[in-house]
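Close look at the chain arrangement
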Amino acid sequence: MEILPLGVGEAFAKTLFQTNYFVLPADGEPFLVDFGYTAPRALAAWGIAMESVPRVLVSHLHADHIGGLEELGFTGAFLWEDRARLYVPENLLPLLWDHCLSGGMGQRLRQADGSTREAALDTYFTVESVAPGAELQFGSVTVRPFATPHVPGRFSWGFHLHDRGTGGTVMLSCDSCFNRANVESYGADADAVFHDCQLRSNGAHIHATLDELLTLPDAWQRKILLVHYADDWQGFTGSAGSMRFARQGERYRF
Ligand SMILES: [Zn+2]
Ligand SMILES: [Zn+2]
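So, here's what we can say about the structure. (Residues numbered from 1 in each chain as written. Chains lettered and ligands numbered in written order. Predicted model: local features only at pLDDT ≥ 70, side-chain atom pairs only at ≥ 80, totals over all residues. Heavy atoms only, no water.)

1. Topic: the pattern of salt bridges
Put simply, the rule reads: Salt bridges, as used here, are contacts in which a Lys or Arg side-chain nitrogen is within 4 Å of a carboxyl oxygen on Asp or Glu. Where helices and strands are cited, they refer to DSSP runs of H or I of at least four residues and of E of at least two residues respectively, numbered from the N terminus. Throughout, exposure labels follow a simple rule: accessible area from a 1.4 Å probe, protein chains only, divided by the maximum for the residue type, with under 20% read as buried, over 50% as exposed, and the rest as partly exposed.
Inspection of every chain in the model, using the stated rule, returns seven salt bridges. As a salt-bridge pair, R180 and E184 come within 2.9 Å of each other at their nearest N and O atoms. In this pair, R180 and E184 both sit in helix α6 (residues 180-186), four residues apart, roughly one turn of the helix. Given a relative accessible area of 37%, E184 falls into the partly exposed group. A salt bridge links D232 to R200, with the shortest nitrogen-to-oxygen separation between them at 2.5 Å. Of this pair, D232 sits in the loop between β14 (224-227) and β15 (244-245) while R200 sits in the loop between β13 (192-196) and α7 (210-213), and the two are 32 residues apart along the sequence. By relative accessible area, which is 46% here, R200 ends up partly exposed. Taken together, the shared-partner salt bridges in this structure form one network comprising E2, R251 and R253.

2. A look at the coordination of the zinc ion (ligand 2)
The line we're drawing: Counted as donors are N, O and S atoms no farther than 2.8 Å from the metal, or 3.2 Å for Na, K and Ca; water is not among the atoms, and sites may therefore look incomplete. Here a site with four donors is tetrahedral if all angles are between 85 and 135 degrees, and a site with four or six donors is square planar or octahedral if opposite donors are over 155 degrees apart and the other angles are between 65 and 115; anything else gets the irregular label.
Taken together, the protein ligands of the zinc ion (ligand 2) are H60 (NE2), H62 (ND1), H150 (NE2) and D175 (OD), with distances of 2.1 to 2.3 Å. Here the zinc ion (ligand 2) is ringed by four donor atoms whose angles at the metal span 90 to 158°, and the overall shape comes out irregular. For the zinc ion (ligand 2), the donor residues sit on a single chain with the sequence spacing H-x1-H-x87-H-x24-D. Distance-wise, the zinc ion (ligand 1) is placed 3.6 Å from the zinc ion (ligand 2), both being coordinated by D175. H62 gets classed as partly exposed once you look at its relative accessible area, which sits at 31%.

3. What to know about the pairing of strand β12 (residues 169-172)
Along any regular strand the residues' side chains alternate between the sheet's two faces. We count it as follows: Here the rule is simple: two strands pair whenever DSSP picks up at least two bridges between them. Crossovers are described as right-handed under a simple rule: with the strands pointing away from the observer, the path leading from the first strand over the helix to the second runs clockwise.
Side chains T169 and M171 of β12 all project onto a buried face; the interleaved residues V170 and L172 project onto the opposite face, where all are buried too. The sheet contact formed by strand β11 (residues 157-163) and β12 spans four bridges and is antiparallel. Bridging across to β12, H160 finds its partner in M171. The antiparallel pairing of β11 with β12 creates a hairpin that spans five residues between the two strands, and G167 there sits at a positive phi of about 80°. Looking at chain direction, β12 and β13 are connected through three bridges and run parallel. Its bridge partner lying in β13, V170 is registered against A192. Considered for its hand, the β-α-β crossover made up of β12, α6 and β13 is right-handed.

4. Concerning the packing of aromatic side chains
Rules: Side-chain rings of Phe, Tyr and Trp, where Trp is taken by its six-membered ring, are said to pair if the distance between their centres is within 6.5 Å; with planes under 30 degrees apart they count as stacked, over 60 as edge-to-face, and otherwise as tilted. Placement of a charge over a ring requires the Lys NZ or Arg CZ to be within 6 Å of the ring centre, with the centre-to-atom vector within 35 degrees of the ring normal.
As enumerated under the stated definition, the model contains 14 aromatic pairs in all. Aromatic pair F194 and Y252: ring centres 5.7 Å apart, planes at 85°, arrangement edge-to-face. You can see F194 sitting in strand β13 and its partner Y252 sitting in strand β16 (residues 252-253), a full 58 residues away along the chain. Using a relative accessible area of 11% as the deciding quantity, one classes Y252 as buried. Put simply, the rings of Y21, F194, Y252 and F254 touch in pairs and so form one group of aromatic residues. The residue whose ring lies beneath K223 is W220, and the NZ or CZ to ring-centre distance is 4.6 Å.

5. Comments concerning the coordination of the zinc ion (ligand 1)
Coordination of the zinc ion (ligand 1) by the protein comes from D64 (OD), H65 (NE2), D175 (OD) and H228 (NE2), over a distance range of 2.1 to 2.2 Å. Coordination at the zinc ion (ligand 1) is irregular: its four donor atoms span angles of 88 to 161° at the metal.

6. Looking at the layout of surface pockets
For clarity, the threshold we go by: Two kinds of site are reported from a 1 Å grid over the protein atoms alone, namely cavities, where a 1.4 Å probe fits but cannot get out, and pockets, open sets with protein on both sides within 12 Å along at least five of seven lines, and residues are called lining when an atom falls within 4 Å of a point. Grid points are joined across faces, edges and corners, and a volume is the space filled by probe spheres set on the points. Under the scheme applied, nonpolar residues are Ala, Val, Leu, Ile, Met, Phe, Trp, Tyr, Cys and Pro; charged residues are Asp, Glu, Lys and Arg; polar residues are all the others, including Gly.
Approximately 200 Å³ is the volume found for the largest pocket. If you go around the largest pocket, the residues you meet are H60, L61, H62, L92, L95, H99, C100, H150, V151, R154 and F155. In terms of residue class, the lining of the largest pocket is made up of six nonpolar, four polar and one charged. The calculated volume of the second largest pocket comes to roughly 160 Å³. Split by residue class, the lining of the second largest pocket holds four nonpolar, five polar and three charged.

Next comes the structure, spelled out in structure tokens:
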């Protein structure tokens, strides 16, 4: 599979796009992991037509991960006349429309017979609810979601990806506090772990900090590609141990 980080920035980055991924299985159609509010511009920057990747797997509900869905939904429903497909963990699904998208996308739609009906999430998207422990198949890539500790009291998910075509395996931490048990469980057979990284502690304690990641043994650090980092990351390239900073727009093959 090929993984192209559309961006590698944290939520507040201004020179980096947000950490969302384009995944191209060895065999089958591409899909996206998350679609933040910089994702439409990032796709354009990397020469990928939004219409060519109408499948999005959602990790959690922060705007840097779902903020582009309004544009994707409107474009799909009204321009392509083919709704994008969303894969949403079932415990996030009730919140996605009611708490996030309905304010901008809710409306009364006029029917052919002159009557009206309220728009809903499935007006704009084909929605697949993902149960805990489910396995999703995207062409030759099998995706296993797992729960991550991110914001207290709110669900969020990371993903384990295995491509049966190449044998390549990758762990995407998505947004997560440092959780060594998750890394050891879902990164054990991985060729690489894309891990979020807060370069400086900021008091919010909702991401893995660089210092926490540096407590991993060297063999683990060699697998780690840092993402979700701040604009001034270049000042940290000499202090990341054996971990590498993933670069946005680059194609990583596994
Ligand atoms: Zn984020
Ligand atoms: Zn988040």
